[in-house]
Amino acid sequence: MVEGMSRPVQADRSRWPVYAALALGLCVAMLASLTLGYKLYGLDKVWAALFAHDGSETATVIAGLRLPRALIAPLAGAALGMAGVMVQTLSRNRIASPDTLGLNAGASMAVVLAMVVFGVGSLGGLSLAAAIGALLTSIIVFGVAAGAGGLSPLKIVLVGVTFAGLAHAVVEIVLTSNEAQLQQLLFWLSGAFVDRPISLFFNGLPVVLVGAALAFTLTSALDALQADDATAASLGVPLLAVRGLTFVAVSLLTGAAVSMAGPVAFVGLVVPHAARGLVGLRHRHQLAAAALVGAIYTTLADVAARFVIYPVEAPVGAITAVVGAGTLVVLLMRRLA
């Protein structure tokens, strides 16, 4: 009995070096975000700007412009990474992501409609519209998928993809008829961390924490849900309730991320694969690793976006889309092989 119980404990302990390495990597990535950009700053300048602000231009750039994105980028990445893990389990599809369920598309459509139809122009207002759009999309997709015939992973994906196509069509129609607002909308819809006020971080943090807490309460049920419905049901998992709560957690995490940065594509596709490769299939470890990997990934993507078309800054969503598209091609080739 003791020997059987010791094996999981030892396995859990063996993952701590992985978590420690990821935490260190995140610290390095955040320091890179603070020091690298149009102007390069040493760690002494960063320290002075953060803890002894003297009102200088350097202090203003670091504390006022780079610090918010150094906090928002990892928070959004962590949220999307955890959401991606749950979406892939929910759909039993390793090439699924929050994009697949239409959440990013729904948030994008809400932002476009808020700006064009209701005249919302503030960043805070557009962020709120994005969060509401993601939440409403999750309700619509889950409600339609749970209709006649019962809920199934295939129906969730089909409904999500269909809704995403509809939302993208609405966005295209609105954009082509409102050229005056096209530039601002396109930058938002590409996903970016530049010029985001730190208030967005403090607004998004509680939502991410609630979504993450809900996700971690579902880890045992999600472990069982990885198999099939019959196996999960035989283990006492209430399938409809678990899927519904998982949808709520995913929509909270995705809505918070989109409200802070816009729809940063493919993070929820790429990160879960890295997390599983590092810590295995148990969801309490997958979610923890995905949060750290997602935070590192988006932070480094944000740093890279500052240099790919230097001195102009690229949307970070363009960086993650390139990496995500390559990952998707590799995954599809493996499936077809």
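In this text, all values refer to a predicted model and were calculated from it rather than measured experimentally.

A. Molecular detail of the pattern of salt bridges. A full pass over the atoms with the stated rule returns 6 salt bridges. Asp229 is paired through a salt bridge with Arg243; the nearest N and O atoms lie 2.6 Å apart. On the criterion of sequence distance, the pair formed by Asp229 in helix H11 (residues 229-234) and Arg243 in helix H12 (residues 239-261) is long-range, its members being 14 residues apart. The class for Asp229 is partly exposed, based on a relative accessible area of 25%. Residue class for Arg243 comes out buried when judged on its relative accessible area of 3%. Asp302 serves as the salt-bridge partner of Arg306, at 3.1 Å between the closest nitrogen and oxygen.

B. Expanded view of unusual backbone geometry. The step from Tyr310 to Pro311 runs through a cis peptide bond, and the omega angle for that step is 10°. Within the element layout of this structure, Pro311 appears in the loop between helix H14 (283-305) and helix H15 (316-336). The backbone phi angle of Phe266 is positive, close to 70°, even though this residue is not glycine. Mapped onto the fold, Phe266 is located in the loop between H12 and helix H13 (267-279).

C. Region of the structure containing the packing of aromatic side chains. With the rule as written, the count across this model stands at 6 aromatic pairs. In textbook terms, an aromatic cluster arises when at least three aromatic residues are bridged by ring pairs, as seen for Tyr38, Phe307 and Tyr310.

D. Summary view of the environment of Val111. Among the secondary structure elements, Val111 is positioned in helix H5 (residues 103-116). Here Val111 falls in the buried class, since its relative accessible area comes to 0%. Sequence-wise, Val111 and Gly262 are 151 residues apart; in three dimensions their C-alpha atoms are separated by 9.0 Å.

E. Local environment of a nonpolar patch on the surface. Residues Leu36, Tyr38, Leu40, Phe307 and Tyr310 make up a contiguous nonpolar surface patch of roughly 540 Å² in combined accessible area. With respect to the secondary-structure elements, Phe307 resides in the loop between H14 and H15.

F. Representation of the layout of surface pockets. Approximately 430 Å³ is the volume attributed to the largest pocket. Asp99, Asn104, Ala105, His168 and Ala265 are, among the 23 residues lining the largest pocket, the residues nearest its centre. Mapped onto the lining of the largest pocket, the elements with two or more residues apiece are H5, helix H7 (153-176), helix H8 (182-190) and H15. Tallied by class, residues from the lining of the largest pocket come to 14 nonpolar, 7 polar and 2 charged. By volume, the second largest pocket is sized at about 320 Å³. Lining the second largest pocket are 16 residues; nearest its centre among them are Tyr38, Val61, Arg66, Arg69 and Glu313. The residue inventory of the lining of the second largest pocket, partitioned by class, reads 8 nonpolar, 1 polar and 7 charged.

G. Representation of H5 within the structure. Compared with an ideal rise of 1.5 Å per residue, which puts 14 residues at 20 Å, H5 spans 20 Å between its outermost C-alpha atoms and is within 8% of the ideal. Most of H5 is tucked away: 12 of the 14 residues are buried. Taken residue by residue, H5 has Leu103, Asn104, Ala105, Gly106, Ala107, Ser108, Met109, Ala110, Val111, Val112, Ala114 and Met115 as its buried positions.

H. Representation of the packing of helix H6 (residues 123-145) against H12 within the structure. Here H6 crosses H12 at 160°, and the two axes come no closer than 8 Å. Here H6 lies roughly antiparallel to H12, going by the angle between them. Our pair here, H6 against H12, has a crossing hand that is right-handed. When H6 is examined against H12, the residues Ser127, Ala130, Ala131, Ala134, Leu135, Ser138, Val141 and Phe142 are found in contact with a partner set consisting of Leu240, Arg243, Gly244, Phe247, Ser251, Leu252, Gly255, Val258 and Ser259. Residues belonging to the contact of H6 with H12 are distributed by class as follows: 10 nonpolar, 6 polar and 1 charged.

Thresholds, definitions, all that
In this numbering scheme, every chain counts its residues from 1 along its sequence in written order. Selection of residues for local features in this predicted model requires a pLDDT of at least 70, selection of side-chain atom pairs for listing and counting requires 80 or more, and totals for whole chains, interfaces and linings are taken over all residues. Calculated side-chain values reflect all of the structure's heavy atoms, with hydrogen atoms and water omitted. Throughout this description, the term salt bridge denotes a Lys or Arg side-chain nitrogen within 4 Å of a carboxyl oxygen of Asp or Glu. What counts as a helix is a DSSP run of H or I of at least four residues, what counts as a strand is a run of E of at least two, and both are numbered from the N terminus. Relative accessibility thresholds used throughout: buried, under 20% of the residue-type maximum; exposed, over 50%; partly exposed, between the two (1.4 Å probe, protein chains only). Between rings of Phe, Tyr and Trp, where Trp is taken as its six-membered ring, a pair exists when centres lie within 6.5 Å; planes separated by under 30 degrees are stacked, by over 60 edge-to-face, and by other angles tilted. The patches described consist of residues with a relative accessible area above 30% and no salt bridge, like charges being joined within 9 Å and nonpolar side chains (Val, Leu, Ile, Met, Phe, Trp, Tyr) within 5 Å. All accessible-area figures derive from a Shrake-Rupley calculation using a 1.4 Å probe, and residue coverage is judged against the displayed protein chains alone. As defined here, a cavity is a set of points on a 1 Å grid over the protein atoms alone where a 1.4 Å probe fits but cannot get out. A pocket is an open set with protein on both sides within 12 Å along at least five of seven lines, and residues line them when an atom is within 4 Å of a point. Grid points are joined across faces, edges and corners, and a volume is the space filled by probe spheres set on the points. Under the grouping applied here, Gly and all other residues not named as nonpolar or charged are polar, the nonpolar ones being Ala, Val, Leu, Ile, Met, Phe, Trp, Tyr, Cys and Pro and the charged ones Asp, Glu, Lys and Arg. To estimate how far a helix should extend, the number of its residues minus one is multiplied by 1.5 Å. Each axis is a line fitted through C-alpha atoms, and for a helix only the stretch in contact is used; angles between axes span 0 to 180 degrees, taken between their N-to-C directions. Just so you know how the angles are binned, under 35 degrees is roughly parallel, over 145 roughly antiparallel, 65 to 115 roughly perpendicular, and the rest oblique. The crossing is said to be left-handed when, going from far helix to near helix, the turn is anticlockwise and less than a right angle, and right-handed when the turn is clockwise. Contact between two residues is taken to exist if any of their heavy atoms lie within 4.5 Å; hydrogens are not considered.

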